[in-house]
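Fold and geometry: a report
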Amino acid sequence: MKILVVEDEPKLAEYLRKALTESSYVVDVAHGGIDGRYLAIEGHYDLVLLDVMLPGLDGFTVLRELRREKNVPVLMLTARDKVEDRVKGLQAGADDYLVKPFALSELLARVQALLRRGAVSAAGQDPTVLELADLELDLVRRKATRAGQRLDLTAKEFALLTLLLRRHGQILSRTALAEQVWDMNFDSNTNVVEVAVRRLRSKIDDPFEKKLLHTVRGMGYVLEDRES
């Protein structure tokens, strides 16, 4: 498996290169947005680790341009932990988002998960459109539809649905959703996740016979077509 690391901090870039190499990955490193964009588009990689704050071109720009060409999995790395940045990254086409500083064990676990899912990507499929059954999410136009009907989603609902669609079939805990969408350290006394899921379900499921968003008791939520 070949991985591209786009990171402008020399020490962190070398740390990532060494750690991934020791885990038996082939690693290339780019220290700026322009070089990163060129390698990501022209090279052949199974995964891209992409920093947000880069010289030349920022990570969001690199990601948008990459998504016009390829559907390679992208894990964004950033010290910017505001929820708006996470939402922006997911909407631009990121598959996952990891805030610095992070534990190496968590990074490697996410890398492995993305590489497993990346092998499923269909050649020629529009990477800016996510689909499950009759549910469709256009990341460029920020448009969601089900059975051809337009869904009126808030920004947070759009980000939540994007995350659920990118990981469809995978159970996501309340903690994971709170961290990724709301930038929250999970508080068991907070019901923001349950409320948001309920509102999202009222829009994508309640008007339709087939239900896609399921609650897994004691574990979290999963978006999947259980009849497929």
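Description of the structure in this document. Bear in mind that the values here come from a model prediction, so they are computed numbers and not experimental data.

1. Brief notes about the pattern of salt bridges
Applying the stated criterion across every chain, the model contains 17 salt bridges. Its salt-bridge partner being Asp28, residue Lys2 comes within 3.7 Å of it at the nearest N-O pair. One end of the pair, Lys2, is in strand S1 (residues 2-6); the other, Asp28, is in strand S2 (residues 26-30), with 26 residues separating them in the sequence. Take Lys2: its relative accessible area is 30%, and that puts it in the partly exposed class. Arg110 is the salt-bridge partner of Asp96, the closest N and O atoms lying 3.0 Å from each other. Residue Asp96 is found in strand S5 (residues 96-99), and its partner Arg110 is found in helix H5 (residues 104-118); the two are separated by 14 residues along the sequence. Looking at Asp96, the relative accessible area reads 4%, which means it is buried.

2. Structural notes on unusual backbone geometry
Cis geometry is found at the peptide bond from Lys100 to Pro101, where omega equals -5°. Tracing the chain through its elements places Pro101 in the loop between S5 and H5. The phi dihedral of Ser24 is positive, around 75°, even though this residue is not glycine. Locating Ser24 in the fold gives a position in the loop between helix H1 (10-22) and S2. For Ser24, a relative accessible area of 63% puts it in the exposed group. Backbone geometry places Ala147, a non-glycine residue, at a positive phi of 55°. Along the chain, Ala147 falls in the loop between strand S8 (143-146) and strand S9 (149-151). Since its relative accessible area comes to 47%, Ala147 is described here as partly exposed.

3. Re the pairing of strand S6 (residues 129-132)
As paired elements, S6 and strand S7 (residues 135-138) share four bridges and run antiparallel to each other. By the bridge assignment, Leu130 is partnered in S7 with Leu137. As consecutive antiparallel partners, S6 and S7 are separated by two residues, and within that stretch Ala133 has a phi angle of approximately 55°, a positive value.

4. A closer look at the packing of helix H3 (residues 59-67) against helix H4 (residues 83-92)
Running from N to C, H3 and H4 point in directions that differ by 20°, and their axes come no closer than 9 Å. In terms of orientation, H3 and H4 fall into the roughly parallel class. The chirality of how H3 crosses H4 is left-handed. Residue-level contacts link Phe60, Leu63, Arg64 and Arg67 of H3 to Asp85, Lys88, Gly89 and Ala92 of H4. Partitioning the contact of H3 with H4 into residue classes produces three nonpolar, one polar and four charged.

5. As for the sheet that holds S5
Reading across from one edge, S2-S1-S3-S4-S5 is the order of the five strands in this open sheet, with parallel pairing throughout. Each edge of the sheet is formed by a strand with only one pairing partner; in this case those strands are S2 and S5. When the angles between neighbouring strand axes are averaged without regard to direction, this sheet yields 20°. Pairing of S1 with S2, which is carried by five bridges, proceeds in the parallel orientation. Within S2, the position partnered with Leu4 by the bridge is Asp28. Lying over the sheet, H1 contacts S1, S2, strand S3 (47-51) and strand S4 (74-78), oriented at roughly 170° with respect to S2.

6. Some thoughts on the nonpolar core
Counting 32 residues, the largest nonpolar core has Leu160, Leu161, Leu177 and Leu223 as its most contacted members. Counting residues per element, the ones that place at least two in this core are H4, S6, S7, helix H6 (155-166), helix H7 (174-182), helix H8 (192-204) and strand S11 (220-223). By residue number, the principal contributor to this core is H6, which donates seven residues. With residues near it in sequence (within four places) discarded, Leu161 still touches Leu135, Leu137, Leu153, Leu200, Ile204 and Leu223. Val6, Ala40, Ile41 and Leu54 belong to the second-largest nonpolar core, a separate cluster that totals 22 residues.

Here is what the cut-offs are and how they apply
Residues numbered from 1 in each chain as written. Predicted model: local features only at pLDDT ≥ 70, side-chain atom pairs only at ≥ 80, totals over all residues. Heavy atoms only, no water. Salt bridge = Lys/Arg side-chain N within 4 Å of Asp/Glu carboxyl O. Helix = DSSP H or I, 4+ residues; strand = E, 2+ residues; numbered from the N terminus. Buried < 20%, exposed > 50% of the residue type's maximum accessible area, 1.4 Å probe, protein only. Pairing = 2+ DSSP bridges. Axes fitted to C-alpha atoms, helices over the stretch in contact; angles between N-to-C directions. Parallel < 35°, antiparallel > 145°, perpendicular 65-115°, else oblique. Left-handed = near helix turned anticlockwise from the far one by under 90°. Contact = heavy atoms within 4.5 Å. Nonpolar A, V, L, I, M, F, W, Y, C, P; charged D, E, K, R; others polar. Core = buried A, V, L, I, M, F, W, Y, C linked by side-chain atoms within 4.5 Å.

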